[in-house]
Amino acid sequence: MITVRPYLPEDRAAVLALAPRLAEGVATWRDPGAVGTAVLGWVTGSLERTGNDDHEVFVAVRDGHVTGFVTVTTRTHFTGSRDAYVGELVVSPEAERTGVGSALMSAAESWARAHGLHRVTLETGAANLPARAFYRSLGFTEEDVRLSKPI
């Protein structure tokens, strides 16, 4: 059984242990050390802001262990609309394909509705094909594409 609940300070070590999974699917030409540093910064920043009106972190717990987390906040689109934004979603390898990711995304969507938001947005690496397929299965469509060229 999976329980999804708001993050508590005692979840910190478990959440930080899952954070390196966010480096999966990043373009191979990016500096892995810089990616790791950025990932840690994203997650610790989210944990520090949790519980604010416009930011929340949810954890999934199964058998007494944190098996995943999702962060959700608000972000203003360039058109001016305010959306819910999922900054990070991580599921432990052993909990993949068990419903943990879907349960966490459902919590993020519920948070968005409770805040009067009508759209959830997120970003993932172009090479992260499993994540892209997962998000498509939840009804997400790709909206923007970032292009990169070495010079």
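Thresholds applied
- Residues numbered from 1 in each chain as written.
- Predicted model: local features only at pLDDT ≥ 70, side-chain atom pairs only at ≥ 80, totals over all residues.
- Heavy atoms only, no water.
- Phe/Tyr/Trp six-rings, centres within 6.5 Å; stacked < 30°, edge-to-face > 60°.
- Buried < 20%, exposed > 50% of the residue type's maximum accessible area, 1.4 Å probe, protein only.
- Core = buried A, V, L, I, M, F, W, Y, C linked by side-chain atoms within 4.5 Å.
- Helix = DSSP H or I, 4+ residues; strand = E, 2+ residues; numbered from the N terminus.
- Contact = heavy atoms within 4.5 Å.

Caption draft 1: Main features of the packing of aromatic side chains. The full count for this structure, using the stated rule, is two aromatic pairs. With a centroid separation of 5.8 Å and an interplanar angle of 70°, the aromatic rings of Tyr135 and Phe140 are classed as edge-to-face. For the pair shown, Tyr135 and Phe140 are each scored as buried. Taken together, the ring pairs in this structure connect Phe134, Tyr135 and Phe140 into an aromatic cluster.

Caption draft 2: Region of the structure containing the nonpolar core. By size, the foremost hydrophobic cluster in this structure holds 21 residues, and its most contacted members are Phe58, Val70, Ala84, Val86, Leu89, Leu104 and Met105. Elements with a minimum of two residues in this core: strand E2 (55-62), strand E3 (65-76), strand E4 (82-91), helix H3 (100-114) and helix H4 (129-137). With seven residues, H3 is the single largest residue contributor to this core. Once residues lying within four places of it in the same chain are set aside, the contact partners of Leu104 are Val4, Phe58, Val59, Ala60, Gly68, Phe69, Val70, Leu89, Val90 and Val91.

Caption draft 3: Seen up close, unusual backbone geometry. Of note, Asp63 is a non-glycine position whose phi angle comes to about 55°, a positive value. Of note, Arg97 is a non-glycine position whose phi angle comes to about 60°, a positive value. Within the secondary structure layout, Arg97 lies in the loop between E4 and H3. Classification of Arg97 by relative accessible area gives exposed; the value is 77%.

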